[in-house]
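Working through the structure, step by step
Spelled out, the chains give:
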Amino acid sequence: MPLSTLPLFKALQRSAESMPTLAARFAENSQRVQQLTFHVGDELLVDISRQQVCPAVLQQLCDLARQMNLPKAIAGLFADNQFNPTEQRAVLHTALRMPAGAVLMRNGENIIPVVHAELAKMRRFCQRIHNGEWRGYTGLPVTDVVNIGIGGSDLGPAMVCEALKPYCTTGIRAHFVSNIDPAHLATTLNQLNPATTLFVVSSKSFGTDETMSNAVAARQWLLNACGDDSLIQQHFVAVSTNHRKVVEFGIAAENMFEFWDWVGGRFSLWSAIGLPIALAVGFERFEELLAGAHAMDEHLRTTPLEQNIPVLLALLTVWNHNVLGHASEGVFPYSQLMHRFPAFLQQLNMESNGKSVTLNGEPVSCATGPIVFGDVGSNSQHAFFQLLHQGTAVVPAEFIGFVNSPYDFAAHRHKLLANMLAQAEALAFGKPAAEVQAELRAEGVSEQRIAELLPSKVMPGNRPSTVILCKELTPHTLGSLIALYEHKTFVQGVLWSVNSFDQWGVELGKKLASGLVSALAGETDASNHDAATQSLVKQICRWSTP
Ligand code: F6P
């Protein structure tokens, strides 16, 4: 049965009709914070005490999840289960971070040794790059790696390489080119020496236009420098599931790292798609990342729903989005190193759960994926937080903070964390009229001016947020954090009965774009397109310089 038709869902809607404020909830329950704070090991805690829920509502949400067969779905995520029926694919990214001795049978074969064989190939390759054994066409070792990929073949590794910058001690600099905008490739190549550059062409399908166009252009750039086709092999490796297309492109089979159709693109950074990460931070650090993700997998698999962090975060989305009607979710890492995390999460969550039909192909009965957006703190405070505090839309917020940092400037770190804590407090408790009045009177402001200013200065508060607090941004913690969000996304999809693992919505635009390329080149007209497109094509052709 669809989520919103269940009696428990109706009961949740009734609970929402007469809710105390967050301030009242804190006042009436001195144990609230303890009851609503959850730990994973000694490195990560999640405080949901500032969400508009009480333990009774959380219990109702967990019961709802049981009615939606969530425990069975979670078990299925660690077994050979076909969660992606429209592409007829299994969903087994959790296998990528299982330890070597684990067993996961797929079509009668244990896939864990296959996963570890590929990891071993990555390890050997990293060693050869790091110890200078692998050399470019002039005999010099590699200094720079350029990942050419887009979407899931870019966002994950790019985000992790930024987040783990303090661990990038191998001497290999990682660059990421994704956009078909020539500025992206050109500005990246401008900084590089072809003789010491290695390209990693990353594409699950090895057919994505942006990636293949950038790869072809990069190959030409290299050929212009080395002048000999046969030398290119030393500068190109591929990561893909498509062996045939890699070889057709001209990359030697032994220079291809493989992953499998049971790994979705946006869940693939744990596979060979993570090669640039391993090259930049070292293979051991990459293994720590995998271990962190596996720890979160074990948390999801073994923890009762009532204490299960990804489950609770997904249930809070149901509560905020479906019951309370808040259409978006903000994610705010208080860490400059995490500046790519919101973009990564946008693909993870919005490509997974931006769906309008259920697994049975019927229209969904309630809203699915919220609009996910965010940026790092404290920058975002000075940009768009005004709307979070006093706007008409309520934006449930997730703050992510890290207690320790490898950098000096301890005072900065305290200020950073203080800002994060202050935002969560201000959103929850606001500033009532009496407080604003008292403050203005103390400053000697006239009563008339106070009356004028009061409506603008009152902060309504009662705006929900979660705080995820981590001890430090290590590879292990980052692995756990990413897996936490992967699982949150998966659980949401189960609750909404959607296929979180396909993305048909992006196909139409790709097809239309490929048809328009020849029109923009003046080779065909755009008469099979709509009037607005035809008019814009004409204008582009008029303005276009040869
Ligand atoms: O266009 C969307 C998409 O298919 C994503 O789902 C995927 O991560 C990205 O394109 C790149 O695909 P590929 O790895 O096959 O190049």
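What comes next is a walk through the structure. Note that the structure is predicted; figures quoted are calculated from it, not measured.

**Description of the sheet that holds strand S10 (residues 328-334)**
Strands sit in the order S1-S2-S13-S12-S10-S11 across an open sheet of six strands; the sheet is mixed. The sheet terminates laterally at strand S1 (37-40) and strand S11 (371-374), the two strands that pair on one side only. Taken pair by pair, the neighbouring strands of this sheet meet at an average axis angle of 20°, ignoring direction. Inspection of the sheet shows S1 paired to strand S2 (residues 44-47) by four bridges, in the antiparallel sense.

**Quick word on unusual backbone geometry**
Geometrically, the link from Gly377 to Ser378 is a cis peptide bond, its omega value of 5° lying close to zero. In the Ramachandran plot, Asn107 falls in the positive-phi region, its phi being about 50° despite a non-glycine side chain. Within the element layout of this structure, Asn107 appears in the loop between strand S3 (105-106) and strand S4 (109-110). On the accessibility criterion, Asn107 (66% relative accessible area) is exposed. Phi angles above zero are rare outside glycine, and Asn462 is one such case at about 65°.

**A few points about helix H16 (residues 410-429)**
For H16, which comprises 20 residues, the first-to-last C-alpha distance of 28 Å matches the rise-based estimate of 28 Å (1.5 Å per residue) to within 8%. Within the sequence span of H16, burial applies to Arg413, Leu417, Met420, Gln423, Ala424, Leu427 and Ala428. What you see down the axis of H16 is that its buried residues fit within an arc of 130°, all on one side. Every exposed residue of H16 that faces more than 90 degrees away from the buried side is listed here: Ala411, His412, His414 and Lys415. Among the residues trailing H16, Gly430 stands out with phi positive, at a value near 55°.

Parameters at a glance
- Residues numbered from 1 in each chain as written.
- Predicted model: local features only at pLDDT ≥ 70, side-chain atom pairs only at ≥ 80, totals over all residues.
- Heavy atoms only, no water.
- Pairing = 2+ DSSP bridges.
- Helix = DSSP H or I, 4+ residues; strand = E, 2+ residues; numbered from the N terminus.
- Axes fitted to C-alpha atoms, helices over the stretch in contact; angles between N-to-C directions.
- Buried < 20%, exposed > 50% of the residue type's maximum accessible area, 1.4 Å probe, protein only.
- Expected span 1.5 Å × (residues − 1).
- Arc of directions from axis to C-beta.

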